[in-house]
Amino acid sequence: MTSFRWGGASDTGRVREGNEDYVLVSDGLFAVADGMGGHRGGEIASHLAIDTLQARFDAPAAAHTTDALVAAVEDANRALVSRSGGDPQLEGMGTTLCALALVRTDEGDMLGVVNVGDSRMYLLKEGVLQQVTEDHSLVATLERQGKLTAAEAAVHPQRNILTRALGIEARVMVDSWEIRPRVGDRYVLCSDGLFNEVDDARIAATLRKLADPAEAAHELVRLANESGGRDNISAVVVDVVEGSTAGLPPAGPSGAAAGASGLAGAGPSDLVSDRVRAADRPSAEGGHRGRRRRRAEGGGTASRSSRRRWFTWRVALFVVIFLAIVGVAIGGIYYSATNTYYVGFRDDAVVLYQGRPGGLLWVQPTVEETTGLQRRELSASAVIDIERHKEFGSLDAARGYVANLRDQVTATTTTTTTSTVPLPPPPTSPTGPTVPADGLTPTPTPGAPGAP
Ligand code: MN
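In this text, all values refer to a predicted model and were calculated from it rather than measured experimentally.

Caption draft 1: Focus on the coordination of the manganese ion. Within the protein, the manganese ion binds to Asp34 (OD), Asp192 (OD) and Asp231 (OD); these donor distances fall in the range 2.1 to 2.2 Å. Among the residues examined, Asp192 registers a relative accessible area of 0% and is labelled buried.

Pasting the structure below:
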């Protein structure tokens, strides 16, 4: 005979305006859902998921098997998808769902566990806490791939991004396990509002310290609030107890509800009344068996709430803008580094460079053209100009300067030649026909070339 004692608490926390978490503590079925979505979407999603789960799993003719539990989660997913599809204001709503149920198998009573999203189930066994479920979150995926350490994942700014949730796609992959119940084992279902604020060591210490499950659940919520309470916080603590205690009232049925309200300071409790499920078969021997099954195909990505979704879009937008700014800056530097020319010496040759003297950041000047001019041919003032890297805003301007230099060199050469070798006398005879102004009759005029 498998029996339970349990207690639960759910609280808005210190920052959020409403509680989008929802917990179920009922008749051998325990669940935590953490909703997402704007305009009350998160609250509607978590309630609809748990209500559907409970209605399907506890329907009069329903089989109490792990398969039936998985099917109930799939039904909850369909209910969410159809609800959000029919109401534009609920578009994008979704929820996590983590549930524990007493199921029947050929081997006797077992605990069926299902999970979608990043709510968690832990097992405290002989004082040691272990996480049973696997988070369907971006950081958990990166951690499994070895790209993040557990410590990095625990504080990662994007740890709220889910890779799987109910209500996002028509089909959802549901993780499931069957675990043999052992007297003394303590299970904890919780939303991320607990484990993001309270580390595993403190959760374990609290669970070891407080024997009463309701007291333990409330203490966990209190600790999360004390650490900041930045999200809604939910915790359900379920103890596997001796069958003989099944007739006793479970731990704090109304106490859990009152505690949750007291901590939240407003609103009715999310808790439903507790009842003991008295199992009718003796529990078989055996330990914690982690048989794990994957259901259905698909998956998809969801973020935890519309606010967080917006956050991820904002990040994407930020990255795009940042890259654009970097691109413009690089382009600007490149433009100013290359859209200029200067004339300088390479050894003693006069060379026209594209770029800035000495380069700008990583952009070095390149030789645009050689001029054929040499330092020794230039005037002292031209040498000084060129040593100072005479700069120009365009290639044409630089070429104009070089052409001018070339003219000076030619003129200097001519002058020099003139000073040592007398110029020949001016021509006294026509070198060809002269075209008069009227252009009709060539009239050679000796002694006055070019004159009409
Ligand atoms: Mn949460």
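Caption draft 2: Structural context of the side chain of Thr96. The residue Thr96 is located in the loop between strand 4 (94–95) and strand 5 (97–105) in this model. In terms of polar contacts, Thr96 uses its side chain to reach the backbone amide nitrogen of Asp34, at 3.0 Å. At 2.7 Å, the side chain of Thr96 and the side chain of Ser119 are in polar contact.

Caption draft 3: Structural view of the sheet that holds strand 18 (residues 390–392). The four strands lie next to each other as 17-16-15-18, forming an open sheet whose pairing is antiparallel. The two strands at the open ends of the sheet, each matched to only one other strand, are strand 17 (366–374) and strand 18. Strand-to-strand twist in this sheet, taken as the mean axis angle between neighbours without regard to direction, amounts to 30°. Note that strand 16 (residues 349–354) and strand 17 share five bridges and pair antiparallel. Across the sheet, the residue bridging to Gln354 is Thr366, located in strand 17. Of the strands in this sheet, strand 15 (341–346), strand 16 and strand 18 are in contact with helix 10 (residues 380–387), which crosses strand 15 at around 110°.

Caption draft 4: Inspection of helix 10 at higher detail. By the burial criterion, the buried members of helix 10 are Ala382, Val383 and Ile386. End-on view of helix 10: buried residues confined to an arc of 100°, all on one side of the axis. Residue His389 follows helix 10 closely and has a positive phi angle near 60°.

Caption draft 5: Summary view of the nonpolar core. In this structure, Leu53, Val73, Leu97 and Leu166 are the most contacted members of the largest nonpolar core, which totals 31 residues. Where this core is concerned, the elements lending two or more residues are strand 2 (21–26), strand 3 (29–36), helix 1 (41–57), helix 2 (66–85), strand 5 and strand 6 (108–116). In this structure Leu53 touches Leu29, Ala31, Leu69, Ala72, Val73, Ala76, Leu97 and Ala99, once residues within four positions along its chain are discounted. Judged by nonpolar contacts, the second largest core, of 22 residues, contains Leu194, Leu207, Leu220 and Ala224.

What counts, and at which threshold
Residues numbered from 1 in each chain as written. Predicted model: local features only at pLDDT ≥ 70, side-chain atom pairs only at ≥ 80, totals over all residues. Heavy atoms only, no water. Donors = N, O, S within 2.8 Å, 3.2 Å for Na, K, Ca; no water. Buried < 20%, exposed > 50% of the residue type's maximum accessible area, 1.4 Å probe, protein only. Helix = DSSP H or I, 4+ residues; strand = E, 2+ residues; numbered from the N terminus. Polar contact = N/O pair within 3.5 Å; in protein donor to acceptor, adjacent residues only side chain to side chain. Pairing = 2+ DSSP bridges. Axes fitted to C-alpha atoms, helices over the stretch in contact; angles between N-to-C directions. Contact = heavy atoms within 4.5 Å. Arc of directions from axis to C-beta. Core = buried A, V, L, I, M, F, W, Y, C linked by side-chain atoms within 4.5 Å.

The analysis is restricted to geometry; functional conclusions fall outside its scope.
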